[in-house]
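Overview (structure and organization)
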Amino acid sequence: PPPLTRQQEREAAQQALVKQEQERALRAQQAHDRHLLLTYKSPEDLRDRQKQQLEMIDEEISAATKRILVLDQNLKIERQLAAEWQKKQERPNARLPYAVQQRISSIANAILAEDALIKERQGERERVNRDFEANAVRLTELLANIAVERARSMPRHRARVLPAAGRSAQVPSASQRNGQ
């Protein structure tokens, strides 16, 4: 065969990359399928695990919400103390002491951090639901495929009919038994 042109070489290289990526994706899907089948006996098992993960996430959100409430109360107290301090000063807009500013800033930052944690965990909750739904669909497909394959591979038992009186029984030949 004549040597390949540069364009043909590029196309061949591109096709090889596409084929490698397809093979990698197939191996990843097969590994994921094996994991699902080894981890969960049924979609109900998978849903139980989903429920456990969601409960853990909800507990984290609840704890963060409680921390925000406490921090908010602390922030209100610090701001009240700061306002009282400013009222006692000779200058109306006297600058708060650095330590007071730091406490207020620190509490406000902690509230922001807890709020960010809640948003992150809510996003995690959505991802868990989405992933578990996709996995439940896939597990159902895999289990159905296994059931079909088992049904195909089971030998078919045919009921033997006893011959009527005076007739001899006909035994099916090997080709008849194998469905040919």
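This structure is a prediction, so every number in the text was calculated from the model and none was measured.

1. Here we look at the overall build of the chain
The number of helices and strands found in the chain is four helices and zero strands. Moving toward the C terminus, one meets the helices and strands of the chain in the order α-α-α-α. When burial is assessed residue by residue, the chain has 17% of its 180 residues classed as buried. A sequence separation of at least 24 residues applies to 79% of the contacts in the chain between residues at least 6 apart. Only carbon and sulfur atoms are counted for the fraction: they give 53% of the accessible area of the chain, which is about 14800 Å².

2. Re the side chain of serine 42
In this fold, serine 42 is placed in the loop between helix H1 (6–39) and helix H2 (43–88). Separated by 3.0 Å, the side chains of serine 42 and glutamate 44 make a polar contact.

3. Thoughts on the nonpolar core
In terms of nonpolar packing, the biggest core is built from 22 residues, with Leu36, Tyr40, Leu46, Ile104 and Ile111 touching the most fellow members. Every element with two or more residues in this core is listed here: H2 and helix H3 (98–153). For this core, the element with the most residues is H3, which contributes ten residues. Once residues lying within four places of it in the same chain are set aside, the contact partners of isoleucine 104 are Leu75, Glu78, Arg79, Ala82 and Leu96.

4. Digging into the packing of H1 against H3
The geometry of H1 relative to H3 is characterised by a closest axis approach of 10 Å and an angle of 85 degrees between their N-to-C directions. Relative to H3, the element H1 is oriented roughly perpendicular. Of the residues in H3, those touching H1 at Gln29, His32, Asp33, Leu36 and Leu37 are Asn135, Arg138, Leu139, Leu142, Leu143 and Ile146. Looking at the contact of H1 with H3 residue by residue, the classes come out as six nonpolar, three polar and two charged.

5. Section: the packing of H2 against H3
Remark: H2 packs on H3, axes separated minimally by 9 Å, with the N-to-C direction vectors making an angle of 170 degrees. The angle between H2 and H3 places the two elements in the roughly antiparallel class. Among the residues making up the contact of H2 with H3, the classes are represented as 23 nonpolar, eight polar and 15 charged.

6. Points about H2
Here H2 contains 46 residues, and its C-alpha end-to-end distance of 67 Å stays within 8% of the 68 Å for a straight helix at 1.5 Å per residue. Among all positions in H2, only Pro43, Leu46, Gln50, Leu54, Ile57, Ile61, Ala64, Ile68, Leu71, Leu75, Glu78 and Ala82 are buried. Contacts made by the buried residues of H2 are with H1 and H3.

7. With respect to the pattern of salt bridges
Tallied over the entire structure, the rule returns 13 salt bridges. Between glutamate 60 and arginine 121 there is a salt bridge; the shortest N-O distance is 2.7 Å. Of the two residues, glutamate 60 sits in helix H2 while arginine 121 sits in helix H3, which places them 61 residues apart along the sequence. When its relative accessible area of 34% is taken as the criterion, glutamate 60 is described as partly exposed. Judged by its relative accessible area of 14%, arginine 121 is buried. Two residues, arginine 127 and aspartate 131, come together in a salt bridge whose shortest N-O distance is 2.4 Å. With arginine 127 and aspartate 131 both in helix H3 and four residues apart, this pair spans about one turn of that helix. Of the residues examined, aspartate 131 reaches a relative accessible area of 31% and is grouped as partly exposed. One salt-bridge network, in which partners are shared between bridges, spans Asp33, Arg138 and Glu141.

8. Quick notes on the environment of glutamate 126
Summarising the element assignment, glutamate 126 is placed in helix H3. The exposure class of glutamate 126 is exposed, given its relative accessible area of 54%. Along the chain, glutamate 126 and leucine 54 lie 72 residues apart, while their C-alpha atoms are 9.4 Å from each other.

Quick notes on the rules
Residues numbered from 1 in each chain as written. Predicted model: local features only at pLDDT ≥ 70, side-chain atom pairs only at ≥ 80, totals over all residues. Heavy atoms only, no water. Helix = DSSP H or I, 4+ residues; strand = E, 2+ residues; numbered from the N terminus. Buried < 20%, exposed > 50% of the residue type's maximum accessible area, 1.4 Å probe, protein only. Contact = heavy atoms within 4.5 Å. Areas by Shrake-Rupley, 256 points an atom, 1.4 Å probe, with all protein chains shown as cover. Polar contact = N/O pair within 3.5 Å; in protein donor to acceptor, adjacent residues only side chain to side chain. Core = buried A, V, L, I, M, F, W, Y, C linked by side-chain atoms within 4.5 Å. Axes fitted to C-alpha atoms, helices over the stretch in contact; angles between N-to-C directions. Parallel < 35°, antiparallel > 145°, perpendicular 65-115°, else oblique. Nonpolar A, V, L, I, M, F, W, Y, C, P; charged D, E, K, R; others polar. Expected span 1.5 Å × (residues − 1). Salt bridge = Lys/Arg side-chain N within 4 Å of Asp/Glu carboxyl O.

By themselves, these observations are geometric and do not establish any function.
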